[in-house]
Amino acid sequence: MTRMLATITTTTSHPQNMIEKIAQQYAVDLPPNHTVRSGDFVTIRPEHVLTHDNTGAVISKFKSIGAAQFKNSRQPVFALDHDVQNKTEKNLNKYATIEAFASQNSVDFYPAGRGIGHQVMVEEGYAFPGTLTVASDSHSNMYGGIGALGTPIVRTDAAAIWATGQTWWQVPPVVKVELKNQLAPGVTGKDVIITLCSVFNKDEVLNTAIEFTGEGVRALGIEDRLAIANMTTEWGALAGVFPIDDITRAYYEKRVHVLDRTRFLNKNIPPVPAGQEFIHPRINHERIEAVVKKGIVADEGAAYAKHLTLDLATVSPYISGPNSVKVAQPVADLKEVKVNKAYLVSCVNSRASDLRQAAAVVRGKKIAEGVEFYVAAASSEVQAEVEETGDWQALMEAGATPLPAGCGPCVGLGTGLLLDGEVGISATNRNFKGRMGSPKALAYLASPAVVAASAISGRIIAPIALASQDNVPQPATSIVTFSNQSSAQEESDEGSTSSEATITGFPAQLKGELLFCHADNLNTDGIYPGNPELVRDLVDARGREKLTDRTGWNATISLASGRVQVSREGLPDKVYRVGGLGKSIQELWVAGGLEGWNKNSSNGNGNNDHELNHGENVASSAVSPLEKQQRAERDRLLLEWDSRANYRTDLAESAKALERASSFPARLFTKEALLAATSAARSSSPSPASSAPKGSAPTKYIPITAVVLSWKRREGTKAVVAHLKKYPFIQEILVWNNNPDVVISVHDFEPLASTNGTTTSGATGPRTTSALGGPLITVFNSVANLHDFSKYTTCTLARFDHCYIQDDDWINLTLDSMYALFVTQPDTLVTSTMPAMHAQQRRWMFSNPQIGLHTGFAWLGAGSFMSKKDVFKFLMQLGGSNLWKERVQLSDLFFSLWRNQYPTVLSQALAPLDQSSSWSGRIDQWSVVYEHMTDAMVRITTMLSGLGIVNGSPHRVGAKVDFVAEEEEPLFKDRLSRSSCSNDKCLFQTSSDMFPMPEQVRWPADPQSRDILAHETRFRALEQSNTESVAMHTYHYAVDQDLSTCWRSLKSMEKGSFFGLYFILPLLDLGENARSLELWTFSTSTLQTLQSHMIIKASVDGVQWMVCVGGKEVKPGSLRVTDLNCKDVGVKVGIQLDTRNIQYLRFEMADAAAEPIEICGIRVGEMML
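Residues numbered from 1 in each chain as written. Predicted model: local features only at pLDDT ≥ 70, side-chain atom pairs only at ≥ 80, totals over all residues. Heavy atoms only, no water.

Asks: Even after reading the chapter, I still don't get the state of the cysteines, so can you show me in this structure?
Replies: Simply put, disulfide is the name for a covalent bond between the sulfur atoms of two cysteines. Scanning all chains against the criterion turns up four disulfides. Here Cys1046 is linked by a disulfide to Cys1160, with a sulfur-sulfur distance of 1.9 Å. Taking the sign of the torsion about the S-S bond as the criterion, the disulfide between Cys1046 and Cys1160, at about 90°, is right-handed. Of this pair, Cys1046 sits in the loop between helix H33 (1027–1032) and strand E42 (1047–1048) while Cys1160 sits in the loop between strand E49 (1158–1159) and strand E50 (1161–1164), and the two are 114 residues apart along the sequence. Here the two residues Cys1046 and Cys1160 agree in accessibility, since each one is buried. Counting only the cysteines that form disulfides, in the order they appear in the protein chain, gives the pairing 1-2, 3-4, 5-8, 6-7. Of the cysteine sulfurs around Cys347, a residue in no disulfide, the closest is that of Cys407, at 6.3 Å. (Disulfide = S-S within 2.5 Å. Helix = DSSP H or I, 4+ residues; strand = E, 2+ residues; numbered from the N terminus. Buried < 20%, exposed > 50% of the residue type's maximum accessible area, 1.4 Å probe, protein only.)

Structure below.
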């Protein structure tokens, strides 16, 4: 048996139950010494507030009440979970709008596919033991499973919390539900709550909050508790809270370790500065110990409205329905009922233990003929866990249909809804008529094991281990109703007169005749009923015949205290107690409603800022408006940096890519070929690659020296080096170890190389090379951390004329395609970055033809190709400047800008090898990025303007010659490659650019015009889309082998515009006899455009093109082209597409498209891109 955690003595004047204690903790502006009790109206500032797909409606409400900004952007959480199967343009735009709003306001955002919002709230610690967390969804009761007070709010309340940080709440009556003994094997928390809903089915807990107690609680795991708390909603309660005990503590101790392993998957968690330990902002040892020490439990003598008991030993597998949670019976008693559909989805029963129970039932069996079994995990984390244990595979092998993590059929959305006359059995939480499909269908609820067994047998049945039970017991229950909870607390008029205080403008009393409108079976709009004793007295005295009865009873209501004195004709006066109207309601009243209240609060006339309870502070009101704007912009950028489109989160796919060999054959990099290429590169004449036509394939390949900046861990560097050695064009690897506390030796890489390798030591450091012709490896151990500067100094030591540089915390899975692009333009800077950051970098393009400015910023950490001559020039620029040490160390923020050339940046998913810490201790701050970039731009603008003075100090004489006046070729407008294909065998190209051209926004020649934020604003004014929609439809989604993600042109494509592919080697060299093509899209207009307006072209060199014809076949979601034949356009003889030299494919618009086009996948031959 577990023990309950230690408790503390209450500091209030009256005993409180657990619900009242948590409400007291989160109530604000209480009168001095006021004890929060059931019935009180209080102003609450909840820890967090969740909205889901309804966020769009809350946004509208937020704007309609006059709100301009969030009170505290750390308080809200957005999680898309309801309609996640809906891929229509309307829904995707809705989701994109919500994501954009989250990014603009620095709100934590979880995209479709991450999981059901309530599950995410628990997994990520937004709902935490002892806290008050609300959601604009009825199943926020689920948070009670971990000891939090979770309760639903309406959208207006959510908008109010966004705007002011707070809302009002009436503390409901509290019911104690005592659970005795423990469950029999195979009986679950779902059976418990179905039993409670069916036994106590006379609204015994309607509009109450429930506290679960008793020794039976200690035998329930967290996932059973979550299931029970979740369905207290269907039972009629506003909350259902379990105690915080050793079970809770053990769960969170485990969560700490889970989150430590998976933190880089959560893009809402900022990177950790180098050298610092990762501490999750919400789930960490310190916070766990704090809640344990606090020990929130009910005081002895605390008041309850009712006391219910249930003997868990008498609970058996129960099934509720059809079409009601109030009607239930043991599965064993149910007559044979055939099923058509079975569901294991929703926030109540799709956690790992639920899926394991179902998998144990179906393992080795098949779903019954004629039955459809739908399964969805509660979250992506849950699915990963059950995939690892093999339980997910067992369900799939049995014939289950997988659905994405989300609500889906539970809320009547997506695949597999019930049709007329069908019968469904579900592990969801509601079986109301028509909720899961047709109102003419029948829906039953049961535990995951019963659902799985029914899917196997084709009829409702319990698993064999449970179905054989004889003499199923009837649940043993009891109920005690206290006559009046207020009497238990005994009005306490003398104990807390301060509760009767009213604010200016609010009436102290209301007087008048009572009208009695009798009604039964109130819906949730009647969520706060009045005093039941007064209602009983009215019924006894006046009856129920009249729908509206003028009673002749006169009442005097003290609004603040809730004291109601009634003068009754022919009867003595009587005093009743209802909930007093606290300060929050009074303020709403005086302000004329929520909109007025919000305006007063926003203007500083309302309540002062408060801290969130675990230390997250709101912004200081002393900050200037400009600085607030800059801070908001930097926070937004940080979220964009970590947005969902930025990282390759499919680790299994990354693992496959790591095993992939380079597509370039070693024969292209023999000594003879490389010597010729090196000689050409070092000659003063242009290299064959650079003198080729624009955009053409290279005639020669060039050797590369890889520079690896090691500054984290030896193991990471070893993994990077091992990966780089697979590529034959990497002929040398230089490792610069920036961590003076760790010594790296060439011997660290010997297990990764040939055992016949030799090691030497020279002036430049120890080297090792493979006797089999692998790259030469040199290691440099620095005595101090030189940061990014060391990458450039190390490149100058390279044997070859071109360097590839990267940090040690990334694995570049698209190195072949980046190299193929680089050798077509070896004088340029070629790099890649994440989609959201790519959008930002496009705004960091700076052009001014008058002074010869044409440059742009590029982040280089994940892998970049560059010319060594550019590096030498950059070091000369640094030497001639007066930059101080700290800025020289962060050279990455100057290099690309001081090249005075536009970088070539590919937008694609990156693969983080390790994100436990980020660039460096300072660079994680966006203010530093802006500061350094501004400095770089002021200096280059000064030089190009001929002023020669920077910050009062002269640059090197003649420094202007360090900045090339002419834009290098290919010109920026001619660069068509946008992203690498996920198989690394091609690049996605298109003439449709998502962004304005750099020359459309002029950077001022005045070096003191250093407002980069204003420069960004000018770019944004010309953009047809925002950063978030770009990330949702980025280029690499066309070639990421995932048909659920799509590139979208964002603007209609004109006649002659195109998208297409550049293959790193000719098609047949890649093993493709490409006589067929297939383009996937879920856009009807795109399919029509492709079918009627698309011309397919092929090329050997990217200059001269052949027109290809073939049979077009339109299928649902795709266009297939077969029997391709490509004809000469007048330059060459007719060529078939399977010719060895074909290296380019282009899909060109013969006429202007009416709408933007959308491409979700491309197949060439048998090669899926």
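Next comes the rest of the account.
Asks: Just to check I follow, could you spell out the side chain of Asp137 for this structure?
Replies: Its location among the elements puts Asp137 in the loop between strand E6 (132–135) and strand E7 (149–152). In this structure Asp137 is buried but unpaired, with Arg430 as the nearest side chain of opposite charge at 6.9 Å. Among the polar contacts listed, one links the side chain of Asp137 to the side chain of His52, at a separation of 3.0 Å. Sequence-distant contacts of Asp137, defined by excluding residues within four places in its chain, comprise His52, His82, His118, Pro152 and Ile153. (Lys, Arg positive; Asp, Glu negative; His and termini not counted. Salt bridge = Lys/Arg side-chain N within 4 Å of Asp/Glu carboxyl O. Polar contact = N/O pair within 3.5 Å; in protein donor to acceptor, adjacent residues only side chain to side chain. Contact = heavy atoms within 4.5 Å.)

Asks: Even after reading the chapter, I still don't get the environment of Cys407, so can you show me in this structure?
Replies: Mapped onto the elements, Cys407 comes out in the loop between strand E17 (401–402) and strand E18 (423–426). The buried category is assigned to Cys407, whose relative accessible area is 8%. Along the sequence, Cys407 and Ala378 sit 29 residues apart, while their C-alpha atoms lie 8.3 Å from each other. Filtering out sequence-adjacent residues up to four positions away, Cys407 remains in contact with Asp81, His82, Ile116 and Val345.

Asks: Just checking my understanding: could you explain the pairing of strand E35 (residues 864–867) for this structure?
Replies: On any regular strand, side chains alternate: one points to one face of the sheet, the next to the other face. Of the two faces of E35, the one carrying Ser864 and Met866 and the one carrying Phe865 and Ser867 are both buried. Where strand E30 (residues 802–807) and E35 come together, four bridges link them in antiparallel fashion. Counted as the bridge partner of Cys803 is Met866 from E35. Note: strand E32 (residues 830–833) against E35, two bridges, orientation antiparallel. Bridge pairing in E35 places Thr831 opposite Ser864. (Pairing = 2+ DSSP bridges.)

Asks: What should I look at first to understand the packing of aromatic side chains in this one?
Replies: Any two aromatic rings considered together are summarised by their centre-to-centre distance and by the angle between their planes. Under the counting rule described, the total for this entry stands at 45 aromatic pairs. Aromatic side chains Phe78 and Trp162 sit 5.2 Å apart centroid to centroid with 45° between the ring planes, which places their arrangement in the tilted category. Of this pair, Phe78 sits in strand E4 (residues 76–79) while Trp162 sits in helix H5 (residues 155–164), placing them 84 residues apart in sequence. As far as the burial class goes, Phe78 and Trp162 line up, both buried. These aromatic residues form a ring-pair network of at least three members: Phe664, Phe669, Tyr701, Tyr727, Phe729, Tyr804, Tyr819, Phe822 and Phe865. The ring of Tyr126 has Arg282 lying over it, and the distance from NZ or CZ to the ring centre is 3.8 Å. (Phe/Tyr/Trp six-rings, centres within 6.5 Å; stacked < 30°, edge-to-face > 60°. Lys NZ or Arg CZ within 6 Å of the ring centre and 35° of its normal.)

Asks: What is the right way to look at a nonpolar patch on the surface in this model?
Replies: A surface patch of nonpolar side chains, amounting to about 260 Å² of accessible area, comprises Leu510, Trp589 and Val590. Relative to the helices and strands, Trp589 resides in helix H18 (residues 583–591). Overall, the relative accessible area of 42% leaves Trp589 in the partly exposed class. (Patch = residues over 30% accessible without salt bridge, like charges linked within 9 Å, V, L, I, M, F, W, Y side chains within 5 Å. Areas by Shrake-Rupley, 256 points an atom, 1.4 Å probe, with all protein chains shown as cover.)

Everything listed is a geometric property; what it means functionally is a separate question.
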